[in-house]
Amino acid sequence: MAVGIFDSGLGGLTVYEAVAKRLPDVPFVYYGDNAHAPYGVRDADDIFNLTCAGVERLWAEGCDLVILACNTASAAALKRMQETWVPKDKRVLGVFVPLIEALTERQWGDNSPPREVAVKHVALFATPATVSSRAFQRELAFRAIGVDVEAQPCGGVVDAIEAGDEMLAEALVRSHVEALKRRMPHPEAAILGCTHYPLLEKTFAEALGSGVKVYSQANLVAESLADYLARRPEFRGTGKTPKFLTTGDPKKVSDKATQFLRHRIEFEAA
Ligand code: DGL
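The structure presented is a predicted model; accordingly, all values stated were derived computationally and were not measured. (Residues numbered from 1 in each chain as written. Predicted model: local features only at pLDDT ≥ 70, side-chain atom pairs only at ≥ 80, totals over all residues. Heavy atoms only, no water.)

Some words on the nonpolar core
So, point 1. Among the nonpolar cores identified, the biggest contains 52 residues, and Leu 13, Phe 28, Phe 125, Tyr 197 and Leu 225 are the most heavily contacted of them.
So, point 2. Tallying contributions element by element places helix H11 (residues 218-231) first for this core, with 7 residues.
So, point 3. If we skip the residues at most four places from it in the chain, Tyr 197 touches Phe 125, Ala 126, Thr 127, Cys 154, Val 157, Val 158, Leu 192 and Phe 204.
So, point 4. Among the nonpolar cores identified, the runner-up in size contains 24 residues, and Tyr 39, Leu 58, Cys 70 and Met 81 belong to it. (Core = buried A, V, L, I, M, F, W, Y, C linked by side-chain atoms within 4.5 Å. Buried < 20%, exposed > 50% of the residue type's maximum accessible area, 1.4 Å probe, protein only. Helix = DSSP H or I, 4+ residues; strand = E, 2+ residues; numbered from the N terminus. Contact = heavy atoms within 4.5 Å.)

Details of the sheet that holds strand E1 (residues 3-7)
So, point 1. Strand order in the open sheet formed by 6 strands is E4-E3-E1-E2-E11-E12, and the pairing between neighbours is parallel. The open sheet has two free edges, formed respectively by strand E4 (91-93) and strand E12 (268-269), since each of these has just one partner strand.
So, point 2. Bridge analysis of strand E2 (residues 28-32) against strand E11 (residues 243-246) gives 4 bridges, and the strand direction is parallel. Its bridge partner being in E11, Tyr 31 is matched across the sheet by Leu 245.
So, point 3. On the sheet, helix H2 (residues 44-60) packs against E1, E2, strand E3 (65-68), E4 and E11 and is oriented at approximately 155° with respect to E1. (Pairing = 2+ DSSP bridges. Axes fitted to C-alpha atoms, helices over the stretch in contact; angles between N-to-C directions.)

Some words on the site of the ligand
So, point 1. Taken together, 13 residues form the shell around the ligand, and within it Ser 8, Tyr 39, Gly 40, Thr 72 and His 196 come nearest.
So, point 2. For the ligand, the accessible surface in isolation is 300 Å², of which the surrounding protein chains cover 99%.
So, point 3. Across the shell around the ligand, the residue classes tally to 5 nonpolar, 7 polar and 1 charged. (Near = heavy atom within 4 Å. Areas by Shrake-Rupley, 256 points an atom, 1.4 Å probe, with all protein chains shown as cover. Nonpolar A, V, L, I, M, F, W, Y, C, P; charged D, E, K, R; others polar.)

Topic: the packing of aromatic side chains
So, point 1. Applying the stated criterion to the full structure yields 12 aromatic pairs.
So, point 2. Considering the side-chain rings of Trp 59 and Trp 85, the 4.9 Å spacing of their centres and the 15° angle between planes classify their relative orientation as stacked. Placement of the pair is Trp 59 in helix H2 and Trp 85 in the loop between helix H4 (78-84) and E4, with a sequence separation of 26 residues.
So, point 3. Residue class for Trp 59 comes out buried when judged on its relative accessible area of 15%.
So, point 4. Overall, the relative accessible area of 24% leaves Trp 85 in the partly exposed class.
So, point 5. The rings of Tyr 16, Phe 28, Tyr 30, Phe 244 and Phe 267 are connected pair by pair, giving a single aromatic cluster. (Phe/Tyr/Trp six-rings, centres within 6.5 Å; stacked < 30°, edge-to-face > 60°.)

In short, shape yes, function no, at least from these values alone.
What follows is the structure, given as structure tokens:
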């Protein structure tokens, strides 16, 4: 049994950490497309083609179930993949839905009509491609009414993280939060809608100020994956060996991953 985790680069490691902790017996194979990050400034066709290539590589590792630990790929490519490309004996799941279910206080599979929820003013921080896809607002509208979402495309943040420049990443986060607060001065909740951003969760929380509940995906996705595997054990693939694959330079990517996660991670060439 093995499960694949895909991201454009290092961000999906935040999801990897949570799922590996929640499911210690499952070998995870991680694929970071660092050579092509960031995805957030690419067009939908490009994101679709790169994501399909990464997912195929994970299938070749015996991972019949792949989690797109990337909001940009989940927003810009997942629907098309599921409708036109994924064969019946494989599954590709995204990271959006568990987050929106948490925000709208829903259990998995609750498809009842949209209803009023506690939060009314939500700040969404995500990549330019995720923001322009409006996938978050679309998924939210299926489940909740009367929620005002203000989205901030956080240009440059993923690039800074991928380059290992924490100071620049933090400065950019502060300026994106300020820009959002000019349009929505008092959000009740903030969504970190990019799996790179939990690496800067403290900076987001400080800039937003107390009283804003910050939602990030890692633990929500881990719970939802545990639940999925219990319900659909046939998608535990045949792979046995956990590994970290990258399309980038394995040495450089390993060093940056280690810097951000603060424990050693060894990547190999994809
Ligand atoms: N971690 C991806 C996401 O969640 C990164 C996007 C990018 O490569 O720009 O959106």
